[in-house]
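One-letter residues, chain by chain:
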Amino acid sequence: MLSVPDYEFWFVTGSQHLYGEEQLKSVAKDAQDIADKLNASGKLPYKVVFKDVMTTADGITKFMKEVNYNDKVAGVITWMHTFSPAKNWIRGTELLQKPLLHLATQYLNNIPYDTIDFDYMNLNQSAHGDREYAYINARLQKNNKIVYGYWGDAEVQDEIARWEDVAVAYNESFKVKVARFGDTMRNVAVTEGDKVQAQIQMGWTVDYYGIGDLVKEINAVNDADVDKEYADLESRYEMVQGDNDAETYKHSVRVQLQQYLGIKHFLEKGGYTAFTTNFEDLYGMEQLPGLAAQLLIRDGYGFGAEGDWKTAALGRVMKIMSHNKQTAFMEDYTLDLRKGHEAILGSHMLEVDPSIASDKPRVEVHPLDIGGKADPARLVFTGSEGDAIDVTVSDFRDDFKMIGYEVAAHKPEAETPNLPVAKQLWTPKAGLKNGALAWMQAGGGHHTMLSFALTLEQMEDFATMVNMNKAFIK
C-alpha cells in the first residue's frame, strides 16, 4: 500500500499586547485546550499542534516561514481569540505556501449573561477579530478555508477533518509522478493536456516510457514472487475458472500477476505514484493489464486508461484524500433512459478498483475484443449503493477545469451474465438529463473518479487551493 507521511497542522491564535499579559496567558491556555480536545476527539486524521499566540507582524512572518520549510507541516489553522489587527498578518500570509484554515469560533459556546463584563468582552471577541482577519485574507486572495461554528461541535470537527485530508492531498499533489506507458489513444481529444502547466499548477510530473522499458521489467519478475501473489489472490477473492480449462485460466491469471509486479517494480524504482496504459500500445505484452491495473489501483496508485494522465494524477490525489477508501477509476458507458429508471452504467474494459465492490470480487478470464491480445484476467464485481461524487479534470489550454457532481449510486436492477466486468450504476442528483447536459456543456470527459468517501466540497477546496477553474453541478 502506498503510504502518506504523518503530517501535522500548526495552530496559532491572534491577539495583541493591548489587553495585557494576563489576557495573553488566557488566550494561550484556551487555544492549547482547543488543540488538545480536537486531537482527543478522534475525528481528526492528522494532529493539531498549538504553537503560539501571534501579536506582532515580525512574529507572524517568522512563523509562516517556518511552516513553509517544515516538511512535516501540511498547513496552518488560525483563530482570532481577541481582536488581532490584520495588517500584522499581511507579510506572513503573503509568504505562506501551504493551505490555510481560518477557524472562526469562540472558546465558550454561550454568552454568560449574569457575569459578562468588559474584561470578558475584550478576551472573547472572536466575532470581532475573525472578521478583521477574514478581510485581509480576502484582500490577499489566499483561497483559504473558513470553518465557522463552535469548535467542540461534531459537525465543526468533521469539517476540519475533511479539510485536513484535502490539505494533505494538496501537499502530496506536488509529489505525484505519473508514468505513461505509451502515448494517448489516437484521435482522442479529452485525454490530451498541457503537462508543463499541470506541473506548475498542481505539481504533477508526467513522464513517458516506451513499452519496451516496461516489458523488460515484467520479464524480470521471478516465478516465486508470482506464486506468492497467486496465493494472496486466492485468499482475498473468489477464483472462478468458468469455461476455461484449468491450465489456461491459471496461466492468464499469472500473466496479470507478473504484470502487476513488473509495473509495481517499475513505479517504485522511479518514485511514481500513478500510471497510464493504452490498449493501442502493447508491443511485447501478452495481455492488456486488467487485473494487474486493478490491484495497483487497490494499492493506492492513480490510474488512467488510454494514456489519460490527468485522471491518473487526479486519482492519486483522491486516493490520498480518501485514505484509499471507496474511490475508483470509472468511465460513463451506457444509459438507462426509461422514466423512473434514469441511470448511467459506469465501468471500464478491465480496470475498475475493487474498493467500491459490494460483493466479493471474482477473478475471471474472458476474451477482450479490443487490443488484439490474449484473454485477460480481471476482477468482476458489482458496485455499491449510497451517496457518492463523480469528478473529472479537463484542459482548455487557458486553464484546467475540475467538473463534478453528486450522484446517487445504485446496483444494477438485474444480473448481467454477458458483461463480465466491474460495474456501477449512478444517477446525478441534479437529475440525469440536467446533470449530463451540464457536464457536457462544461466540457467534462468520459474518464472520471467516483468516490463514496469524499464530498464535492472537498474537491472544490482542492480546486481552489491549486487555482483551478471549477464547474460543480448542483
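Reading the values: the criteria
Residues numbered from 1 in each chain as written. Predicted model: local features only at pLDDT ≥ 70, side-chain atom pairs only at ≥ 80, totals over all residues. Heavy atoms only, no water. UniProt positions renumbered as here; feature names shortened; annotations may be inferred. Pairing = 2+ DSSP bridges. Helix = DSSP H or I, 4+ residues; strand = E, 2+ residues; numbered from the N terminus. Right-handed = clockwise from strand over helix to strand, strands pointing away. 1 Å grid on protein atoms, 1.4 Å probe; cavity = no way out; pocket = protein on both sides within 12 Å on 5 of 7 lines; lining within 4 Å. Buried < 20%, exposed > 50% of the residue type's maximum accessible area, 1.4 Å probe, protein only. Contact = heavy atoms within 4.5 Å. Polar contact = N/O pair within 3.5 Å; in protein donor to acceptor, adjacent residues only side chain to side chain. Axes fitted to C-alpha atoms, helices over the stretch in contact; angles between N-to-C directions. Phe/Tyr/Trp six-rings, centres within 6.5 Å; stacked < 30°, edge-to-face > 60°. Lys NZ or Arg CZ within 6 Å of the ring centre and 35° of its normal.

- The chain appears in an unreviewed UniProt entry as L-arabinose isomerase from Candidatus Levilactobacillus faecigallinarum.
- The Catalytic activity (unreviewed entry) comment attached to the chain in UniProt states, word for word, "beta-L-arabinopyranose = L-ribulose".

1. A look at the pairing of strand β7 (residues 205-209)
Then comes step 1: In this sheet, β7 lies alongside strand β6 (residues 177-181) in parallel orientation, the contact comprising 5 bridges. Along β7, the bridge assignment pairs K177 with T205.
Then comes step 2: Taken together, β6, helix α7 (residues 195-202) and β7 form a β-α-β motif whose crossover is right-handed.

2. A few points about the UniProt feature "binding site: Mn(2+)" (unreviewed entry) in the chain
Then comes step 1: Annotation from UniProt places "binding site: Mn(2+)" (unreviewed entry) at E306, E331, H348 and H447. The greatest C-alpha distance among the annotated residues, which extend across 142 residues, is 11.7 Å, indicating that they converge on a single site. In the annotated set above, the residues contributing to the lining of the largest cavity are H447.
Then comes step 2: Looking at the secondary structure, you find E331 in strand β11 (residues 327-336).
Then comes step 3: By relative accessible area, E331 is classed as buried at 8%.
Then comes step 4: Apart from the residues within four sequence positions on either side, E331 is in contact with E306, L345, G346, S347, H348, W426, H446, H447 and T448.
Then comes step 5: Topologically, H447 is positioned in strand β18 (residues 447-451).
Then comes step 6: With residues up to four places along the chain from it excluded, the contact list for H447 reads T191, A305, E306, D308, T311, F329, M330, E331, H348 and T392.
Then comes step 7: Here the side chain of H447 touches D308 through a polar contact of 2.9 Å, side chain to side chain.

3. Looking at the sheet that holds strand β1 (residues 8-14)
Then comes step 1: An order of β2-β1-β3-β4-β5 is seen for the 5 strands of this open sheet, with the pairing classed as parallel. The open sheet has two edge strands with one neighbour each: β2 (47-54) and β5 (145-148). Ignoring which end each strand starts from, the neighbouring axes of this sheet average 25° apart.
Then comes step 2: Summarising the sheet, strand β4 (residues 100-104) and β5 pair through 4 bridges and their orientation is parallel. Its bridge partner lying in β5, L103 is registered against V147.

4. Some points on the packing of aromatic side chains
Then comes step 1: Taken as a whole, this structure holds 14 aromatic pairs when the rule is applied.
Then comes step 2: On the numbers, 5.3 Å between centres and 50° between planes, the contact of Y150 with W151 is tilted.
Then comes step 3: Look at Y150 and you get partly exposed, because its relative accessible area is 22%.
Then comes step 4: Through pairs of rings, three or more aromatic residues link up here, namely F181, Y209, F266 and Y272.
Then comes step 5: Here the guanidinium or amino end of K310 rests over the ring plane of W309, the centre of that ring lying 5.5 Å away.
Then comes step 6: Lying across the ring of F396, K401 places its NZ or CZ 4.6 Å from the centre.

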